[in-house]
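Observations on the model geometry
Single-letter residue listing:
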Amino acid sequence: MLAVRTVLGDVAPTDLGICDAHDHLFLTTPQLPGQELDSADLAAQELAAFHGAGGRSLIQWTPHGMGRRARELPGLSRATGVRIVAATGLHQAPNYAPELLTRLRTKGLADVFVRELTEGIGGTGVRAGMIKVAGGFHGLDAHARWTMESAAEAHHATGAPIAVHLELGTGALDVLDLLCGELGVPPGKVILGHLNRSPDLTVHREAAQAGAYLAFDGPSRSHHATDWRMPEAVQALAEAGFAGRLLLGGDTTTAGARAVNGGPGLPYLLRRVRPRLELAVGEAVVEHMLTVNPGRAFAVEWE
């Protein structure tokens, strides 16, 4: 039976409700000094605000070694009424100390992913429901290939979907060539993130035609110059018949972006992005993108 693996257990895909398909409650990285998302209290306030705006589920794309705070997630989910899906996986190399990457190579990265998907993250018993990896700017370096090969191995062992950070929205077709062409991952199990940051409508259409899910996970505060193109891209894909492949997210990655700190935060996706997209494609299509598509994209017949 297909199920979405949340931090409180597996649920039916239709039970997600309105879903933020890419966001972060916790995130720490040397790439964003002083902007860590590391407060459980503020995470709870953000989730409560998201719930108040109509949100019912959130997919946290924070991978291994970046402060996921897995132990905190079940309590936050119970307290706020928002279902949470946690991630395993690995981001780009600059987010980690070299000694951690050496240890992961020794352990076997795919084994780490499988264990976090099936047994739990660390000693928490909280299981991840997806795998997050990352490409580079217009290319895939050795680190990206290693993480994607490991993600593909973990996918074949568990069925878990693979979500991909595309650097500035680039490299989508290279990712599909590797994951689906070389490594045998079904395109419907690949979610391409940050496509709003590279508004190349031809690439978008080719990725959708291949069968992947396309995440428009903005607006991105640090790349807002392309945010105004997002409705145009969504409209073009919907009119081409690909509305069923589209996901929406907020991707809150810094403390300053949280609503409780004066930023747009988790509610922005529903308060501002949703009505703007409804003008472009209509309420029914946006509702489908927020409810039906995430359930399908993250559903797994778990091994």
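For the structure, check the block above.
The sections below set out a description of the structure shown in this document. Note that the coordinates shown come from a computational prediction; the quantities given were computed from them, not determined experimentally.

All right, on to the packing of aromatic side chains then. Under the criterion given, the structure shown has zero aromatic pairs. Just above the ring of Trp 302 sits the side chain of Arg 5; from NZ or CZ to the centre is 4.0 Å. It is Arg 105 that lies over the ring of Trp 146; its NZ or CZ is 3.9 Å from the centre.

It is worth spelling out the sheet that holds strand E9 (residues 190–193) at this point. Reading across from one edge, E6-E7-E8-E9-E10-E11 is the order of the six strands in this open sheet, with parallel pairing throughout. Edge positions in the open sheet fall to strand E6 (87–89) and strand E11 (246–248), since each of these has one partner strand only. For this sheet, the mean inter-axis angle between neighbouring strands, taken without regard to orientation, is 30°. Sheet topology note: the strand E7 (residues 130–134)/strand E8 (residues 162–165) ladder contains four bridges and is parallel. Across the sheet, residue Lys 132 finds its bridge partner in E8, namely Ala 163. Strands in contact with helix H6 (residues 172–182) are E8 and E9; relative to E9, the strand with the most contacts, it is inclined by about 160°.

It is worth spelling out the sheet that holds strand E4 (residues 57–60) at this point. Spatially, the three strands line up as an open sheet ordered E3-E4-E5, and their pairing is parallel. Both outer strands of the open sheet, strand E3 (19–23) and strand E5 (83–85), are each paired with one neighbouring strand and no more. Averaged over all pairs of adjacent strands, the angle between strand axes in this sheet comes to 20°, irrespective of strand direction. Bridge analysis of E4 against E5 gives three bridges, and the strand direction is parallel. Within E5, the position partnered with Leu 58 by the bridge is Ile 84.

Cut-offs and rules
- Residues numbered from 1 in each chain as written.
- Predicted model: local features only at pLDDT ≥ 70, side-chain atom pairs only at ≥ 80, totals over all residues.
- Heavy atoms only, no water.
- Phe/Tyr/Trp six-rings, centres within 6.5 Å; stacked < 30°, edge-to-face > 60°.
- Lys NZ or Arg CZ within 6 Å of the ring centre and 35° of its normal.
- Pairing = 2+ DSSP bridges.
- Helix = DSSP H or I, 4+ residues; strand = E, 2+ residues; numbered from the N terminus.
- Axes fitted to C-alpha atoms, helices over the stretch in contact; angles between N-to-C directions.
- Contact = heavy atoms within 4.5 Å.

Functional significance is not addressed by these values, which are geometric in nature.
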